[in-house]
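# Secondary and tertiary structure notes
Each chain, written out:
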Amino acid sequence: MAQQMDSAVFERRLRPVYDNLEVGNNRKALQESEKLLKKHPTLLCARALKGLSLLRLGRYEESHTWLEAVAEEKPVDDSTLQVLSFCYRETEQLDKIVELYKHAVKQNPGNEEMLAHLFISHVRVEDYKAQQAVALQLYKVQPKNAYYFWSVISVVFQGIRGPESMIPEKRKLYLALAQRMVDKHIKEGKLETEQEAFLYLHILKLQNKYEEAWEFLNGELCAKLYPGAPVSMKFELLKELGKWQELNTLLMQLLEADHDRWDYYKEYLQSCFELLKVPPSPDSTEPEFTLVSCHEFLLRIIESSERKKRGPYLARLELLQRMRVAQLQPQQLVGDFDELIIEYFRLFGDKSCCTHDIALFLPSISIEQRQALASKLLLESGISSTSLPQSKEQMQKHICALQISRICGSHIELPVDHLLAFYTALKLHYEHGLSTFGKNLLATEMGPSDAYALLAANVMYDITLREMKSDHLFEALCLLQYVLRNSTSNFHVKLLSLKIYHMFGCLLGAQEMYDYLDIKQIQLDSMGYVHCNLLPLSGRFAGARSCYDATLKFFTNSYKERLEYIALTYRFYTFSKMEEFMDFKERLTNSLQYVACSVETQLCDLVTCYGNLQQNLSAYVAMSIEPADDRISWHELSDNRDLDAVVRFDPLHLVDGTAERKESFDQEVEVLQVRSLMLRLFASFVDLYHPTASAKFAAPNAKEQAQDRPHKTETATLELLRESWIGLFQRLRLMNYKPLSNRFLVNLLPTRLHLLLEVPYEKFFDDLAQLVLDFYTGDPQLTLHCKAVSDNVLGLKDLCVQTIDASNEASDGLWLRRNQQQKVAACLEILSLYAFLLSVLNDKIQSSGKTKIKKKPNADNKTCDTPQPISEKERSQMLLELMRQLKRKLEDCDAAIRNWKAPALPRDLNSFMADMSLKPEVEATLIGDVSSTFKESHELLVTELRNLLKDKIRMVGK
Amino acid sequence: MTTLRPFTCDDLFKFNNVNFDPLTETYGLSFYTQYLARWPEYFQLAESPNGQIMGYIMGKVEGHLDNWHGHVTALTVSPDYRRLGLAALLMHFLEDISEKKRAYFVDLFVRKSNKVAINMYTNLGYIVYRTILEYYSGDQDEDAYDMRKALSRDVNKKSVIPYSQPITMRELRHINRDQ
Ligand SMILES: CC(C)(COP(=O)(O)OP(=O)(O)OC[C@H]1O[C@@H](n2cnc3c(N)ncnc32)[C@H](O)[C@@H]1OP(=O)(O)O)[C@@H](O)C(=O)NCCC(=O)NCCS
């Protein structure tokens with residue numbers, strides 16, 4: 001009782017600390033905890049909270065010391081344990097939480113709550129065996145079903161996910177054990193919940209005991225506990241058991257009740273085709289199964305539906321498609337393919353999903369047949385070149401027919417003037433549809449005729465690509481921006497505009513569209529490819545940072561929480577979701593977008609750092625890059641892009657989504673290889689001169705490692721990374737990657753891989769590595785290598801200046817603009833990193849010249865007659881010369897950028913306006929706005945790059 | 001033409017064609033994972049024959065005694081698949097499990113300005129139970145309708161006797177605490 005009083009009092013005293021931590025007022029939390037500790041210096045929880053406040057303030061060393069001291073006292077009270085485990089979660093020291101609770105449990109063996117915490121701490125480290133033991137302990141203390149089944153699932157996971165799951169016998173043993181555990185419970189009449197029933201079925205299925213699972217699923221107990229068991233479970237089992245007749249009957253019943261379920265039709269059709277294969281048993285009175293009855297069944301459903309549902313019609317087409325695949329003759333039984341499609345179109349052409357539906361069946365016919373079909377649909381829509389849709393429904397049909405035509409490849413071969421006329425027609429249809437059927441549009445709705453404009457933009461891209469000129473695509477962009485004014489919520493328009501802005505290097509426009517899309521949370525991962533991933537080397541550095549920041553914030557947050565999601569499934573007792581959650585965790589933490597964005601952020605910070613050397617170095621140290629340590633799990637990287645979010649109606653025969661995904665992902669991984677290796681290599685340069693910097697601030701275990709490292713290997717990491725660098729580029733050249741196809745507007749933009757190969761990254765950093773080594777050892781070849789590097793600098797300056805000149809002279813300012821900006825950015829990126837490195841070297845070499853540091857013997861001191869190392873003084877002079885040279889080249893770059901002209905827009909705007917069909921007054925402001933976005937974007941870019949250069953000039957200017 | 005199946009974590013990576021809708025909120029991960037972990041059967045997804053996500057419903061079941069009820073937290077259908085009866089299908093599904101769980105009613109909140117949705121819920125048998133003032137915060141705060149439909153367990157339809165006056169968020173929290 002007394003203790004409880006105490007804890008209530010303390011609880012109240014601790015409250016202000018908690019409250020401040022909660023609202024993120026960490027400084028105040030620290031003060032409050034210190035105040036409390038003055039009065040009660042031994043109060044463990046207050047000490048732990050002080051540790052947490054320090055952690056939050058980024059004072060890691062101190063926080064670490066405080067927390068360690070608290071942990072050493074082996075706390076057993078819940079609140080201290082909670083605070084400590086929270087800190088350990090933040091710092092990813094998950095095994096320490098296990099230790100913490102292990103001890104606490106030892107002190108209170110019967111404490112259910114502590115045991116539960118211990119259990120969850122094992123969950124976090126995926127130690128299934130330990131989980132099992134603790135769960136059983138829990139069950140002894142408190143015989144709740146939940147604990148019993150925690151131990152069952154822990155056994156299951158040992159069999160299917162744990163370290164022994166690869167050994168078939170072990171897997172078998174564990175699963176058999178898990179089953180016995182549940183069997184026993186069932187016998188004792190103790191099965192209580194739906195999730196327990198689910199788990200039992202799952203265990204049976206994992207052992208391929210489908211017969212038993214089927215019996216259980218249809219038994220009384222399951223019906224009572226798990227009335228909501230999904231029927232799909234029945235399908236699955238019947239299929240495994242080969243009970244096709246039963247499956248067939250079941251599905252017919254289900255379909256009669258619900259005519260619109262694709263999952264049912266798919267299973268139904270499969271059962272029919274399986275039944276075809278079954279030889280009739282001689283003594284059966286049943287007639288032999290034929291597809292006639294299948295077809296009749298579908299017809300019956302069609303006839304009995306009062307409201308037309310897509311289901312049975314699509315099922316009939318699917319039947320036809322499957323018959324074709326099985327080399328049966330569908331024509332006689334099901335009818336003519338075109339007729340069926342046309343019938344479908346008549347019924348559902350006014351729904352916007354009709355295009356997707358029909359597209360599903362096009363692969364089964366030849367390209368010629370497709371195009372013939374497309375013409376029929378167009379005819380069927382009743383719209384010709386001289387007529388306009390009379391109703392919204394008719395318009396939607398027309399749109400559908402046009403989309404199908406594109407999918408069938410009907411437009412792709414047309415000559416340019418035809419395409420232009422087509423574009424004009426689409427534009428007119430858009431305008432007509434908007435003014436006729438889009439009157440009372442809600443702000444949250446898409447315009448009824450927007451789809452015309454989307455098609456128009458695609459057509460204009462086709463022309464653009466053929467002519468290699470940006471005129472038409474620029475016009476398409478204006479059209480899209482016009483659509484967006486009328487229909488502010490159409491995300492397709494935003495996505496396409498975003499794409500075009502990026503193609504044209506207009507970062508400001510892209511940013512506007514991106515903000516407009518309001519991409520957040522998990523979309524930052526799945527949609528990062530449309531913007532964030534295009535920003536590195538796009539031309540702006542600082543400007544890209546906020547986008548990286550938002551993205552990283554999401555990832556680091558979810559990384560921290562990732563294990564708590566899994567713990568949730570245990571707390572809520574949801575066995576059906578556990579594996580799914582674990583896989584999800586993997587996918588999220590291994591997201592390529594996450595890893596790439598982290599690396600790009602670090603590079604960007606190194607490129608743009610602008611403080612004095614000490615500030616820059618501490619920023620560098622805070623990144624805690626460990627050059628020797630490749631932290632990326634290359635083989636686990638996960639492709640989380642939602643590529644289907646951008647709609648496309650491109651010709652089926654020219655698009656291979658799967659291949660495009662794979663190819664682009666592979667290239668992105670290679671890009672990441674280059675970028676992360678470049679970062680590590682560069683860090684190894686810096687670390688060679690400031691080894692103390694990294695050791696001093698780094699995490700404690702890294703410090704130990706550094707101490708273990710013998711002196712001789714000071715340059716080993718650098719040399720190793722340099723070898724990998726050369727090796728990587730050799731391999732990349734051998735792989736001979738092709739740039740991603742730019743055939744259609746919706747295709748992904750090319751990756752940076754070819755840029756990285758074209759701009760002399762490889763040579764520059766290779767020579768720089770040599771230079772860094774030579775400076776370190778005073779190698780007599782230093783002069784030569786200084787020359788090599790300054791030649792490279794010269795080369796980069798030339799590339800930068802020439803690229804800008806070319807850009808200034810181009811009559812078409814947009815077509816190559818993105819590529820030009822990328823090249824300039826790449827040159828400046830390299831030069832900026834180089835400037836930073838020189839400032840680091842300079843600091844060391846100048847100061848060592850003064851204080852007379854230890855002479856470095858040559859790394860491999862084989863021969864005695866190696867020439868004398870170059871003196872400190874000479875080195876220092878060479879370095880100064882390099883800095884002077886860099887400064888001059890940076891100034892040349894600056895001069896070029898100062899004179900960089902805003903992109904010449906494709907055509908003079910007057911003739912352009914004449915081209916636009918309706919509402920000239922709107923178009924005038926519209927084109928003006930789009931044009932000024934380009935101009936402003938350019939100005940921002942120039943200002944930013946010049947600021948960057950100014951900083952770098954200052955950095956090497958002293 | 002739909003495949004109805006439980007929403008899975010992986011779907012979070014592919015639901016953009018649905019979630020770009022301006023009336024559909026993209027929540028933080030912990031929100032989704034909590035629903036998935038706690039009420040997995042209340043989070044269902046409709047998939048089209050080509051594998052696209054057509055829409056989904058996310059809900060829960062909670063409350064004490066005769067306030068034990070199903071709740072629709074989010075319902076959304078991709079613009080490409082509207083007016084096909086999909087939202088109705090998803091709502092029926094949720095009502096169905098709520099029946100199985102012996103709930104008394106199903107309720108939901110909807111923006112007062114969301115005419116399309118309100119009209120749809122009305123057609124599905126929901127009534128405006130009460131108005132909650134400034135339920136949605138944003139550039140401009142907006143009132144919500146709390147709409148309800150009684151299930152078979154509520155024989156006397158006690159749960160759907162509407163309030164005569166709008167209530168504030170504070171009052172709502174109060175009521176919820178008492179129940
Ligand atoms: C509201 C929404 C879910 C409706 O989805 P849906 O699948 O198109 O709706 P259904 O086809 O099932 O419609 C059912 C009934 O609702 C009514 N309805 C739906 N949309 C309508 C519209 N745009 N105009 C008029 N009535 C409409 C109709 O009565 C319809 O039945 P009917 O087609 O037989 O006439 C969808 O518009 C949507 O996702 N909106 C954005 C998100 C949102 O607002 N969610 C609700 C938040 S609480």
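Each residue is numbered by its place in its chain's sequence as written, counting from 1. Here the convention is simple: chains get letters from A, ligands get numbers from 1, in the order in which they are written. Only residues with pLDDT of at least 70 get local features here, since the model is predicted, and only at 80 or more are side-chain atom pairs given and counted; chain-wide, interface and lining totals rely on the full set of residues. Processing note: side-chain calculations cover all non-hydrogen atoms of the structure and skip hydrogens and water entirely.

## Description of the overall build of chain A
Of the regular secondary structure elements, chain A holds 44 helices and zero strands. With respect to the principal axes defined by its C-alpha atoms, chain A has extents near 105 × 85 × 60 Å. Only protein chains enter the calculation, and the probe is 1.4 Å; a residue is then buried if its accessible area is under 20% of its type maximum, exposed if over 50%, and partly exposed in between. Out of the 958 residues in chain A, the part that is buried amounts to 54%. Across chain A, every contact between residues at least 6 apart in sequence was considered, and the portion connecting residues at least 24 apart equals 74%. Note on areas: Shrake-Rupley with a 1.4 Å probe; residue coverage comes only from the protein chains shown. Total accessible area computed for chain A in this model is approximately 42500 Å², and 53% of it derives from carbon and sulfur atoms. Per the convention used, a helix needs a DSSP run of H or I reaching at least four residues, while a strand needs a run of E reaching at least two, with both numbered from the N terminus. The contact criterion used is simple: two residues touch if any of their non-hydrogen atoms lie within 4.5 Å.

## A few points about the packing of aromatic side chains
Describing an aromatic ring pair means giving the distance of the ring centres and the angle of the ring planes. To pair, rings of Phe, Tyr and Trp, with the six-membered ring standing in for Trp, must have centres within 6.5 Å; the planes then decide the type, stacked if under 30 degrees apart, edge-to-face if over 60, and tilted in the middle. Enumeration according to the criterion identifies 46 aromatic pairs over all chains in this entry. Put simply, the rings of Phe7, Phe15, Tyr27, Phe31, Tyr32, Tyr35, Trp39, Phe43 and Tyr56 of chain B touch in pairs and so form one group of aromatic residues. In this scheme, the term charge over a ring applies when either NZ of a lysine or CZ of an arginine sits within 6 Å of the ring centre and within 35 degrees of the ring normal. Lying across the ring of Tyr516 of chain A, Lys494 of chain A places its NZ or CZ 4.1 Å from the centre. Looking at Arg148 of chain B, its charged tip hangs above the ring of Tyr129 of chain B, at a distance of 3.6 Å from the centre.

## Quick look at the site of the ligand
Whether a residue is near a molecule or strand is decided by its heavy atoms; if any one of them lies within 4 Å of it, the residue is near. The full set close to the ligand counts 23 residues, and Val77, Arg83, Gly85, Asn114 and Asn123 of chain B are the nearest of them. Neighbouring residues of the ligand are not confined to one chain but are distributed across chains A and B. A distance of 2.8 Å separates an oxygen atom of the ligand from a polar atom in the side chain of Arg307 of chain A. Between the ligand and the protein, one listed contact pairs a nitrogen atom with a backbone N or O atom of Leu75 of chain B at 2.8 Å. Notes on the ligand: free accessible area 920 Å², of which the protein chains cover 81%. Where the shell around the ligand is concerned, the elements lending two or more residues are β4 (69–77), α3 (86–100), β5 (105–111) and α4 (115–123) of chain B. When residue character is reported, Ala, Val, Leu, Ile, Met, Phe, Trp, Tyr, Cys and Pro are called nonpolar, Asp, Glu, Lys and Arg charged, and the others, Gly included, polar. Of the residues assigned to the shell around the ligand, the class counts are 13 nonpolar, six polar and four charged. Pairing of N or O atoms within 3.5 Å defines a polar contact, subject to two protein rules: one partner must be a possible hydrogen donor and the other a possible acceptor, and residues neighboring in sequence count only if both atoms are side-chain atoms.

## Some words on the interface of chain B and chain A
Taken together, the contact pairs 45 residues of chain B with 54 residues of chain A. As used here, buried area is the combined drop in accessible area, with a 1.4 Å probe, of two parts when they are placed together. At the boundary of chain B with chain A, total buried surface from both sides reaches about 4300 Å², with 64% on carbon and sulfur atoms. The largest contributions to the chain B side of the interface with chain A come from Met1, Phe13 and Phe20 of chain B, which together make up 22% of the buried area. Salt bridge, as used here: a side-chain nitrogen of Lys or Arg that lies within 4 Å of a carboxyl oxygen of Asp or Glu. Our count for the chain B to chain A interface comes out at three salt bridges. A salt bridge links Glu25 of chain B to Lys520 of chain A; the nearest nitrogen and oxygen atoms lie 3.1 Å apart. On inspection of chain B and its partner chain A, the count reaches 17 residue pairs in polar contact (both at pLDDT 80 or more). Sorting the residues of the side of chain B that touches chain A by element identifies β1 (3–6), α1 (16–19), α2 (29–38) and α3 of chain B as the ones contributing at least two each. With seven residues, the top contributor of residues to the side of chain B that touches chain A is α2 of chain B.

## A short note on the pattern of salt bridges
Residue and element names in this part refer to chain A. One pass over the structure, following the stated rule, counts 78 salt bridges over all chains. Salt-bridge contacts for Glu318 lead to Arg322; the nearest nitrogen and oxygen are separated by 2.9 Å. With Glu318 and Arg322 both in helix α18 (residues 310–325), this residue pair falls four residues apart, about one helical turn. Looking at Glu318, the relative accessible area reads 12%, which means it is buried.

## A look at the sheet that holds strand β6 (residues 127–136) of chain B
Residues and elements named next belong to chain B. Taken in spatial order, the seven strands make up an open sheet running β1-β2-β3-β4-β5-β7-β6, and their pairing is mixed. Of all strands in the sheet, those with a lone pairing partner are β1 and β6, marking the two edges. With direction set aside, neighbouring strand axes in the sheet form an average angle of 25°. Strand pairing follows a simple DSSP-based rule, namely that at least 2 bridges must link the two strands. For strand β3 (residues 53–62) and β4, the ladder comprises eight bridges, and the chain directions are antiparallel. Across the sheet, residue Gly55 finds its bridge partner in β4, namely Val77. The sheet strands contacting α2 are β2 (43–47), β3 and β4, and the helix crosses β3 at an angle near 70°. Between N-to-C directions, angles cover 0 to 180 degrees, with each direction set by a line fitted to C-alpha atoms, over the stretch in contact for helices. Here helix α5 (residues 169–178) sits on the sheet and contacts β5 and β6; the angle it forms with β6, its principal contact strand, is near 120°.

## A closer look at the side chain of Arg875 of chain A
Looking at where Arg875 of chain A falls in the secondary structure, it is placed in helix α42 (residues 872–898). It is Glu872 of chain A that comes nearest to the buried, bridge-free Arg875 of chain A among opposite-charge side chains, at 4.0 Å. The charge count includes Lys and Arg as positive and Asp and Glu as negative, but it does not include His or the ends of the chains.

## Points about the pairing of β5 of chain B
Successive side chains on a regular strand alternate, one facing one side of the sheet and the next facing the other. All names here are of chain B. β5 sits mainly inside the fold: five of its seven residues count as buried. Relative to β5, β4 is paired through four bridges, and the arrangement is parallel. Note on β5: the bridge partner recorded for His69 is Phe105. One crossover worth recording links β4 to the parallel β5 by way of α3, and it is right-handed. Pairing of β5 with strand β7 (residues 142–150) involves seven bridges; the strand directions are antiparallel. Pairing of Asp107 across the sheet is with Arg148, part of β7. A right-handed crossover is one whose linking path, passing over the helix from the first strand to the second, runs clockwise when the strands point away from the viewer.

## A closer look at helix α14 (residues 231–240) of chain A
One turn of an α-helix holds 3.6 residues; hence residues three or four places apart share an orientation. Turning to α14 of chain A, its buried residues number three or more, namely Met233, Phe235, Leu237 and Leu238 of chain A. One or two positions beyond α14 of chain A, positive phi appears at Gly242 of chain A, with a value near 70°.

## Let's talk about the nonpolar core
All names here are of chain A. We define a nonpolar core as any set of buried Ala, Val, Leu, Ile, Met, Phe, Trp, Tyr and Cys residues linked to one another through side-chain atoms lying within 4.5 Å. Formed by 367 residues in total, the largest nonpolar core has its most connected members in Val152, Tyr570, Phe685, Tyr761, Phe765 and Phe775. The element best represented in this core is helix α41 (residues 817–851), accounting for 16 residues. Contact partners of Tyr570, with chain neighbours within four places excluded, come to Phe119, Ile120, Val123, Gln131, Trp150, Ile153, Phe157 and Met578.

## Some words on the confidence of the model for chain A
All names here are of chain A. Residue-level confidence of the predictor is summarised by pLDDT, bounded by 0 at the bottom and 100 at the top. Taken residue by residue, chain A gives an average pLDDT of 91. The fraction at 70 or more is 93%. Contacts from residues 1–5, a stretch scored under 50 in pLDDT, to residues over four places away or in other chains number zero contacts. For the stretch residues 851–863, pLDDT sits under 50, and the model shows eight contacts to residues farther than four places along the chain or on other chains.

## Some details on the UniProt feature "domain: N-acetyltransferase" (unreviewed entry) in chain B
UniProt positions are given in the numbering used here, feature names are shortened, and annotations may be inferred rather than shown by experiment. Per the UniProt record, "domain: N-acetyltransferase" (unreviewed entry) is annotated on residues 2–152 of chain B. Secondary structure over residues 2–152 of chain B splits into 25% helix and 36% strand, and the C-alpha atoms at its two ends are 27 Å apart.

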